[in-house]
Every structure is written in structure tokens, then in C-alpha cells.
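# Structural description and commentary
Okay, here's what each chain looks like letter by letter:
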Amino acid sequence: MTKKKKAYKVDVDLNDIFRNRPTQSQRSTERHTLTVSQALEIIVKQMQAAGLRERTISDYTTYVLDFAKKIGNPDIGALSVEHIYEWLSSMNVSNATKLIRLKCLKAFLGRCFDNGWIEKKFWRSVNVKVDTPVKEGATDREVKLLLSLLDLSDFVQLRDATALLTMYQCGLRVGTIVQLENKHVDLNAKLLRIDGSLIKNHEAIHLPFDDVLARLYAVLMRQNDIVRSENGVKNELLFITRRGGKIATSSSNNNIRKQLHKYAKKYGLKNINPHALRRGFAKNLLRKGADLPLISKALGHSDLAVTTRYLHIDKEEVAENLRKFL
């Protein structure tokens, strides 16, 4: 054999290296047992790699770390129903809040099961009973009243009016609103062309808007350019602060949400908040004859059951809608 050919001849037998190779979860179990907080670190990385929303990952981190702290951060494999009840009993919050946190923990435990760290889905039997009141949506009267009270010659109030009408007319989440850029606004076609990266279900959507909102967008975008120029800021965001920056520095620190709360309190308006505006959008579609699949698509829901619960149709509305088919 020549020297050159010898260089390509591997003299170590590796033929058995891929035979009966342990899985990643098996190797992890063989090396050490994961605590709750260690499992969370891995799952957060998996969620980030999958492109999940920052808000979703933040909720996982907050509630699972609280769970770990309250029960002593045991090994994942040692968890039981008793640990969950111990955590729930430590909370001094409403049952509705407990249910939200429990759902997040269950989702985390489900991922642990998928990774092979937990053998049984023991948490399925745990639940929190909540009497859910019917949540009202914003009404035309409330929205029009607030818009009439805002001073549109003031940059911040112009911005807030445009954001408010965008949520009410297009049904967008406030988390999506803060990420909108000029490129998403098609003034000629009067459409918001939103790519999937901004939507919770990752599906792109086109949402129409009327002449009033088109006029507000045009004025706001021109004013944004002036604000950015004055403050030496470069971005293409549709909604910005008075200094030209992002209006949301985190999922819980959002200027638009804060401003709407301030206006609602100042003017005595019950249903002026991001969720009520989005619900009002859905209710308006239903009242005008839109079917459930269309409303679900417009809201960016992946499951019709979510849309059904979201609308909270009361008994009187059911009767009124059924009357049309008599």
C-alpha cells in the first residue's frame, strides 16, 4: 500500500459505534438526574430553537422556577401530584390565576415527559375549579368616545388612538402591535400584511382597514420620522415612544397597555384594554354574520374551540342567533 493510500485507511475499528447507541435522554439519565430547574434550562433552549414567543418562554420560566422554589427543586423523576398541590396551596391568588399557572406547569411537565424524564403523566388529574364570568368586549360607543377625547395634535395621543383603533378594527394582540413596522402597512390596498413571525400561531395574515385608519397610519408614519430624526434613532417600527424607541421593553412593560389603562380610569370606560378591544373585534364579526372559522382565522387561533371560549356567547345571544334559522 502506498503512503498516500495509507493516509486514508482508518486503523481503528468503529463499526460498532452506532449499534445500540443510547438516546440523548438515556445518556442524560445515566450521567445524572435532572432537577426541575435544570430541566427548565434545557426546555427553554428547545423552545427558543423552535421559535416560540418570548412571552410564552417568560411564563414558563416564571412559574416553573416558582414551582421549583416552593417544593425544594427536587429531581424531575421524583415529582408527584402532592408536589403540585403543595405549590397550589402556597399561592394567595384567585383560582383563575392558579389555573393559568397550573396550565403552564402542565405544559412544562408534558415536555419533560416527551424528553423521557418522566414516566407517567401523573399531573392530568390535577385541576382548579373556576367559575369564569362572561368577559365583555369593547363597544363602538366606548371606542368612539375615547377617540373623540384624545388630542390628535399630540404625538403620544395620536399613537395611542391609532393603536387602539388597530386592535379594535383588526383584532391584533398588543404583543403583535408593538412589533409592527412600516412594511406591514399597505396604504394603497388598505391592508396590514403581517408575516407569521409576529403571529402566535406563526401563520401570516392580511387584515383590511378602513379610510379612517389609513389616514391615521399615514400621519403617524410621517410623525414617526420626525421623532426618530430628532432623537437620532433608526428603526422602522410603526408604534414608538416619544424618544423614538420601542414601546415595549418586555411582555409586562408595554406603553400602549399602560396608556389605555390610564385613559379608561380617567374617563370611566369599563372595557378599554387590549384584550377587550380584541374581543370587541371578534364580537363585531360575529354580529355581522361572520362564521366561526373566519373569526378564528382573523384572530390567529389554531383551534376553533379556543375561539368558541373566547367569544363567551351568552344565552341571550345564542337565542337571538338561533332565531335566524327558524
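See the structure above.
Residues numbered from 1 in each chain as written. Predicted model: local features only at pLDDT ≥ 70, side-chain atom pairs only at ≥ 80, totals over all residues. Heavy atoms only, no water.

Time to look at the pairing of strand 3 (residues 205-208). Taken residue by residue, a regular strand's side chains alternate between the two faces of the sheet. Because side chains alternate across strand 3, one face comprises the buried residues I205 and L207, and the other comprises H206 and P208, none of which is buried. Pairing analysis gives four bridges linking strand 2 (residues 191-194) to strand 3, with the strands arranged antiparallel. In the sheet register, L191 faces strand 3, and the bridge partner there is P208. (Buried < 20%, exposed > 50% of the residue type's maximum accessible area, 1.4 Å probe, protein only. Helix = DSSP H or I, 4+ residues; strand = E, 2+ residues; numbered from the N terminus. Pairing = 2+ DSSP bridges.)

Two elements, strand 1 (residues 185-186) and strand 2, share two bridges in a ladder whose sense is antiparallel. By the bridge assignment for strand 2, V185 is matched with L192. Hairpin connection, strand 1 to strand 2: the antiparallel pair is bridged by four residues, and K190 has positive phi, about 55°.

Secondary-structure assignment places N284 in helix 12 (residues 274-287). Among the residues examined, N284 registers a relative accessible area of 11% and is labelled buried. Setting aside chain neighbours within four positions, we find N284 in contact with D140 and Y168. (Contact = heavy atoms within 4.5 Å.)

A contiguous patch of positive charge on the surface is contributed by R242, R243, K262 and K266. Tracing the sequence through the fold places K266 in helix 11 (residues 255-267). (Patch = residues over 30% accessible without salt bridge, like charges linked within 9 Å, V, L, I, M, F, W, Y side chains within 5 Å. Areas by Shrake-Rupley, 256 points an atom, 1.4 Å probe, with all protein chains shown as cover. Salt bridge = Lys/Arg side-chain N within 4 Å of Asp/Glu carboxyl O. Lys, Arg positive; Asp, Glu negative; His and termini not counted. Charge placed at Lys NZ, Arg CZ, Asp CG, Glu CD.)

Here we come to helix 12. For an α-helix, 3.6 residues make a turn, and residues three or four places apart therefore share a direction. Taking 1.5 Å of rise per residue, 14 residues should cover 20 Å, and helix 12 covers 20 Å from first to last C-alpha, within 8% of that figure. Between the side-chain oxygen at the start of helix 12 and the backbone nitrogen of H275 there is a gap of 3.1 Å, and the oxygen is on N273. (Expected span 1.5 Å × (residues − 1). Polar contact = N/O pair within 3.5 Å; in protein donor to acceptor, adjacent residues only side chain to side chain.)

The tally for this structure, following the rule as stated, stands at two cavities of 30 Å³ or more. Empty space within the largest cavity amounts to approximately 60 Å³. G171, L172, R173, T176, I199, I205, L207, R278, A298, L299 and G300 are the residues that line the largest cavity. Put simply, the parts of the chain that give the lining of the largest cavity at least two residues each are strand 3 and helix 13 (292-299). (1 Å grid on protein atoms, 1.4 Å probe; cavity = no way out; pocket = protein on both sides within 12 Å on 5 of 7 lines; lining within 4 Å. Points joined across faces, edges and corners; volume = space filled by probe spheres on them.)

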